[in-house]
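Close look at the chain arrangement
Listed here are the chains, written in short residue letters.
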Amino acid sequence: FNAQKVTIKGDQLDILMRVFSADQININVGYSKGRDVDFLTPQGQDYAGFQISYAPDITALAGYTHNMPLGSATLRAHIDWRYESSWWGTFNHVPGTKQVASNKGDAYLTYDAGNWSVGAWVKNIQNRPVIAAIAAAGVPGPGTTYLDPPRTFGARFSINY
C-alpha cells in the first residue's frame, strides 16, 4: 500500500565561486519538506503528517579547494562538509529507525602532473556513525539499520593516456 497523498515542498541553492585565482568554494543548500498528507493503511492506521522516508528537511554541503602550482604540476587540496537534518528510514517512524541530524567531513590531497596523478584521501573525518539504510522488520518493528562506513582513508594513483 502507498500513501494516498504526499506533498514535497522545497528549493535548492547551488553556489560555485572562485575566491582567488587558485581557490574555489562550493556551497549547496537544499530544503525539501516531504510529508504524508493522506495516508491511511488498509488496517486503518493513520500516518498523515509523518515525514516521508529518507527525506531530511535540510541538507547542506560546503567545500573549499586550493590549487598550488608546483612547476608544471599542481598540488590540489580539497575539504568538504555535509550536514543533514534528521530523517526517518521507515514510513511509520518505528523506534530505532530515525537518523538524528548529522554531519561528516572529507578531505583530499592530489599531486597532478598532467598525465599522471597521485593522491591521498580521508572520508568521514570525524568517524561519526550515520545511518545509510534501514530495513523495516515488520510493524511495529524493530528495524535493522545499516551504517555508512566509519573513517576511511587511502591513496590513489592514476595515469592519463
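Residues numbered from 1 in each chain as written. Predicted model: local features only at pLDDT ≥ 70, side-chain atom pairs only at ≥ 80, totals over all residues. Heavy atoms only, no water.

Considering the overall build of the protein
In terms of regular secondary structure, the protein is built from zero helices and eleven strands. When its helices and strands are written in sequence order, the protein yields β-β-β-β-β-β-β-β-β-β-β. In summary, the protein has a C-alpha radius of gyration of 21 Å against a globular reference of 15 Å for 161 residues, an excess of more than 25%. Taken along its principal axes, the extent of the C-alpha atoms in the protein is 70 × 30 × 30 Å. Here the protein holds 161 residues, and the buried ones make up 27% of them. Excluding contacts between residues fewer than 6 apart, the proportion of contacts in the protein whose partners are at least 24 apart in sequence is 54%. (Helix = DSSP H or I, 4+ residues; strand = E, 2+ residues; numbered from the N terminus. Rg over C-alpha atoms; globule rule 2.2 N^0.38 Å. Buried < 20%, exposed > 50% of the residue type's maximum accessible area, 1.4 Å probe, protein only. Contact = heavy atoms within 4.5 Å.)

Things to note about the sheet that holds strand β8 (residues 116-123)
Pairing is antiparallel in the open sheet, where seven strands are placed in the order β1-β2-β3-β4-β7-β8-β11. Each edge of the open sheet is held by one strand with a lone partner, namely β1 (5-20) and β11 (152-159). On average, each strand axis in the sheet is inclined to that of its neighbour by 10°, with strand direction left out of account. In this sheet, β8 lies alongside strand β7 (residues 102-112) in antiparallel orientation, the contact comprising six bridges. Among the inter-strand pairings, Tyr-111 is bridged to a residue of β8, identified as Val-118. (Pairing = 2+ DSSP bridges. Axes fitted to C-alpha atoms, helices over the stretch in contact; angles between N-to-C directions.)

Overview of unusual backbone geometry
Located in the positive-phi region is Asn-124, a residue other than glycine, with phi close to 55°. The residue Asn-124 is located in the loop between β8 and β9 (131-136) in this model. Although it is not a glycine, Asn-127 adopts a positive phi angle of roughly 60°. Looking at where Asn-127 falls in the secondary structure, it is placed in the loop between β8 and β9.

Details of the pairing of β8
Here β7 hands over to β8 after three residues, with Gly-114 in that stretch at a positive phi of 95°. Direction of pairing for β8 relative to β11: antiparallel, over a ladder of eight bridges. Following the sheet pairing, Ala-120 is matched in β11 by Ala-155.

Topic: the layout of surface pockets
In this model, the largest pocket occupies a volume close to 250 Å³. Arg-82, Glu-84, Lys-104, Val-130 and Asp-148 are the residues nearest the centre of the largest pocket, which is lined by 16 residues in total. Elements supplying a minimum of two residues to the lining of the largest pocket: β4 (73-84), β7 and β9. When residues of the lining of the largest pocket are assigned to their parent elements, the largest contribution, five residues, is made by β7. A class-by-class count of the residues in the lining of the largest pocket yields seven nonpolar, three polar and six charged. (1 Å grid on protein atoms, 1.4 Å probe; cavity = no way out; pocket = protein on both sides within 12 Å on 5 of 7 lines; lining within 4 Å. Points joined across faces, edges and corners; volume = space filled by probe spheres on them. Nonpolar A, V, L, I, M, F, W, Y, C, P; charged D, E, K, R; others polar.)

Re the packing of aromatic side chains
Summed over the entire model, instances satisfying the criterion amount to ten aromatic pairs. Summarising the aromatic geometry, the rings of Tyr-54 and Trp-87 are spaced 5.2 Å apart at their centres and angled 35° between planes, so their arrangement reads as tilted. With Tyr-54 in the loop between β2 (23-38) and β3 (58-70) and Trp-87 in strand β5 (residues 87-88), this residue pair connects regions lying 33 residues apart in the sequence. The exposure class assigned to Trp-87 is buried, which follows from its relative accessible area of 4%. Cluster of aromatic residues (ring-pair linked, three or more members): Phe-1, Phe-39, Tyr-47, Phe-50 and Phe-91. Geometry around Trp-121 places Lys-123 over its ring, the cationic atom sitting 5.5 Å from the centre. (Phe/Tyr/Trp six-rings, centres within 6.5 Å; stacked < 30°, edge-to-face > 60°. Lys NZ or Arg CZ within 6 Å of the ring centre and 35° of its normal.)

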